[in-house]
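Observations on chain architecture
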Amino acid sequence: EGVVPPLETFGANSAPLTVRGQFLLRRFEKIRAIEVYPALSVLRIGQSLKVPKAHLATYKHQVGGEESRLVILDYLLRNDVVFIYQQDYHRLIQNSDVFEAFFSALTGLLSHRGLCEKPPLGFPIKQGWIHFPVMNVDFSL
């Protein structure tokens, strides 16, 4: 599957990221935070746009990942899903973490528009639901 680059905490864990998120939530009381699984968001959005499966599977790889991210972004742009400034476009291609952050934000927008899967009936809401796009997202809304 390829080499997975270490997190900025050098692979220790995601605790620093979680603590930072909790700190921000306490400071901004009116923010409705959601949890996102970026790889699933990339997959669902990519499938909706008919991105070749090989690119959806390799966008995080050290070798070939940049090409895959470029292809995925081009599908977003060709289908008028997003507008991206040139300098941001290059950063998204060069860095898979930035790429996933972008898809997390896009998932937040889709969630706000009601285009993410709903928790099943009886799901314990206090457990937290991971937001991810519905199959075949209709971006024309």
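Throughout what follows, the structure given in this document is the object of discussion. (Residues numbered from 1 in each chain as written. Predicted model: local features only at pLDDT ≥ 70, side-chain atom pairs only at ≥ 80, totals over all residues. Heavy atoms only, no water.)

Quick word on the environment of Tyr89
Relative to the assigned elements, Tyr89 resides in helix α5 (residues 86-94). Sequence spacing of Tyr89 and Leu70 is 19 residues, and the spatial spacing of their C-alpha atoms is 8.5 Å. The residues contacting Tyr89, other than those within four sequence positions of it, are Leu70, Leu73, Asp74, Leu77 and Ile84. Engagement of the side chain of Tyr89 in a polar contact is seen with the side chain of Asp74, the distance being 2.7 Å. (Helix = DSSP H or I, 4+ residues; strand = E, 2+ residues; numbered from the N terminus. Contact = heavy atoms within 4.5 Å. Polar contact = N/O pair within 3.5 Å; in protein donor to acceptor, adjacent residues only side chain to side chain.)

A closer look at the side chain of Glu100
Relative to the helices and strands, Glu100 is located in helix α6 (residues 96-112). Residue contacts for Glu100: discarding those within four places in its chain leaves Pro38, Ala39, Tyr59 and Lys60.

Quick notes on the pattern of salt bridges
Scanning the model with the defined rule gives two salt bridges in all. Notably, a salt bridge pairs Arg44 with Glu117, separated by 3.1 Å at the nearest N-O pair. In this pair, Arg44 is assigned in helix α2 (residues 38-48) and Glu117 in the loop between α6 and β2 (130-131), connecting sequence segments 73 residues apart. Here Arg44 falls in the buried class, since its relative accessible area comes to 13%. A residue is classified by how much of its surface remains accessible, and Glu117, at 27% relative accessible area, is partly exposed. Two residues, Glu100 and Lys60, come together in a salt bridge whose shortest N-O distance is 3.4 Å. (Salt bridge = Lys/Arg side-chain N within 4 Å of Asp/Glu carboxyl O. Buried < 20%, exposed > 50% of the residue type's maximum accessible area, 1.4 Å probe, protein only.)

Focus on the packing of aromatic side chains
Considering all chains together, one arrives at six aromatic pairs under this definition. With 4.8 Å between their ring centres and 45° between their planes, Phe99 and Phe103 make a pair best called tilted. Taken together, the residues Phe99 and Phe103, both in helix α6 and four residues apart, mark about one turn of the helix. For the residue pair Phe99 and Phe103, the accessibility class agrees, reading buried in each case. Summarising the aromatic geometry, the rings of Phe123 and Trp129 are spaced 5.0 Å apart at their centres and angled 80° between planes, so their arrangement reads as edge-to-face. The exposure class assigned to Phe123 is partly exposed, which follows from its relative accessible area of 25%. Among the aromatic residues, those joined into a cluster by ring pairs are Tyr59, Phe99, Phe102 and Phe103. Over the aromatic face of Tyr75 sits the side chain of Arg78, whose NZ or CZ is 4.4 Å from the ring centroid. (Phe/Tyr/Trp six-rings, centres within 6.5 Å; stacked < 30°, edge-to-face > 60°. Lys NZ or Arg CZ within 6 Å of the ring centre and 35° of its normal.)

Purely geometric numbers; function is a separate question.
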